[in-house]
Amino acid sequence: MRPDSRWDLSVDNRSGQLTLVVEVKRKTNVSPEWAAKLRRNILAHGTFPKAPYFLMVFPDKFYLWSNSQAHQDQSQPTYTIDAFPILQPYFERAGVVADQISGASLELIVASWLGEIIHSNQLPEDIDASQQWLIESGLYSALVGGKLEHEAAA
């Protein structure tokens, strides 16, 4: 684990470079504007390492900033994703519902989902339609073969 990392989750690419940082929050019904403000506040502290991709995860929505927009503090998300088709199978297996999940459980579920991408041998054209944004953004190819990092509990 990086000593300077304070992200909930992060992924290094196959070359060991920080590629994705992830913030996981329990709040639901978050607008893209609200997410952008939270991200700006997080980045304003300047203690977090930046990465080409920034993913903010909520039980009902994912917001992804990619590439050049990942470094613009006040930008709107590049992608707004319905989290239901991605997370619902994990919620069912865990016996939880989205609006009652704990932050730690949500983080573990997101880590599992990212782990499946990292260790995937699926061809991009075989990816479920609900996750085509992974292909379009370039995130899928950036993550495959990478390494997931969890933030240590404080």
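For the structure, see preceding data.
Conventions we followed
Residues numbered from 1 in each chain as written. Predicted model: local features only at pLDDT ≥ 70, side-chain atom pairs only at ≥ 80, totals over all residues. Heavy atoms only, no water. Helix = DSSP H or I, 4+ residues; strand = E, 2+ residues; numbered from the N terminus. Buried < 20%, exposed > 50% of the residue type's maximum accessible area, 1.4 Å probe, protein only. Pairing = 2+ DSSP bridges. Axes fitted to C-alpha atoms, helices over the stretch in contact; angles between N-to-C directions. Salt bridge = Lys/Arg side-chain N within 4 Å of Asp/Glu carboxyl O. Expected span 1.5 Å × (residues − 1). Arc of directions from axis to C-beta. Contact = heavy atoms within 4.5 Å. Core = buried A, V, L, I, M, F, W, Y, C linked by side-chain atoms within 4.5 Å. Phe/Tyr/Trp six-rings, centres within 6.5 Å; stacked < 30°, edge-to-face > 60°.

Visitor: Give me the lowdown on unusual backbone geometry, citing residues and values where you can.
Guide: Of note, Asn 29 is a non-glycine position whose phi angle comes to about 55 degrees, a positive value. You can see Asn 29 is positioned in the loop between β2 (18–24) and α1 (32–44). Residue Asn 29 is classed as exposed on the basis of its relative accessible area, which comes to 70%.

Visitor: So what about the sheet that holds strand β1 (residues 9–12)? Which residues, and what values?
Guide: Spatially, β5-β4-β3-β2-β1-β6 is the arrangement adopted by the six strands of the open sheet, whose pairing is mixed. In this open sheet, the two edge strands, each paired with only one partner strand, are β5 (79–82) and β6 (147–150). Here the average twist between neighbouring strands, direction ignored, is 20 degrees. Note: strand β4 (residues 61–66) against β5, four bridges, orientation antiparallel. Within β5, the residue paired with Tyr 63 across the bridge is Thr 80.

Visitor: Could you give me a rundown of the pattern of salt bridges, with the residues and numbers involved?
Guide: Summed over all chains, the structure comprises two salt bridges. Notably, a salt bridge pairs Glu 23 with Lys 25, separated by 3.3 Å at the nearest N-O pair. Looking at Glu 23, the relative accessible area reads 5%, which means it is buried. Exposure remark for Lys 25: the relative accessible area of 28% places this residue in the partly exposed category. Note that Lys 147 is salt-bridged to Glu 149, the shortest N-O span being 3.4 Å. Residue class for Glu 149 comes out buried when judged on its relative accessible area of 13%.

Visitor: Which residues make up helix α3 (residues 103–118), and what values do they have?
Guide: The end-to-end C-alpha distance of α3, which contains 16 residues, comes to 22 Å, matching closely the 22 Å that a straight helix rising 1.5 Å per residue would cover. Listed as buried for α3 are Leu 106, Glu 107, Ile 109, Val 110, Ala 111, Trp 113, Leu 114, Gly 115, Ile 117 and Ile 118.

Visitor: Account for α1, with residues named and values stated.
Guide: Look at α1: 18 Å from first C-alpha to last across 13 residues, which is about the 18 Å you get at 1.5 Å a residue. Burial in α1 covers these residues: Ala 35, Ala 36, Leu 38, Arg 39, Ile 42 and Leu 43. On an axial view of α1, the arc spanned by its buried residues comes to 165 degrees, and they lie on one face. Structurally, α1 contributes buried residues whose contacts are with β2, β3 (53–57) and β4.

Visitor: Any chance you could break down the nonpolar core for me, citing the residues and the numbers?
Guide: Within the largest apolar cluster, 33 residues are counted, with the highest numbers of intra-cluster contacts made by Phe 62, Trp 113 and Trp 133. Among the elements that make up this core, the one with the highest residue count is α3 (eight residues). Setting aside its immediate chain neighbours within four residues, Trp 113 contacts Leu 55, Phe 62, Ile 86, Tyr 90, Gln 131, Trp 133 and Leu 134. With 15 residues, the next largest nonpolar core counts Trp 7, Leu 18, Ala 36 and Tyr 63 among its residues.

Visitor: Account for the packing of aromatic side chains, naming residues and giving values.
Guide: Taken as a whole, this structure holds seven aromatic pairs when the rule is applied. Both rings, one in Phe 58 and one in Tyr 63, keep their centres 6.0 Å apart while their planes meet at 75 degrees; by these two values the pair is edge-to-face. Here Phe 58 matches Tyr 63 in class, with each residue buried. Between Phe 62 and Trp 113, the aromatic rings sit 5.3 Å apart at their centres with planes inclined by 55 degrees, giving tilted as the arrangement. With Phe 62 in strand β4 and Trp 113 in helix α3, the pair connects residues that are 51 residues apart, well separated along the chain. Residue Phe 62 is classed as buried on the basis of its relative accessible area, which comes to 0%.

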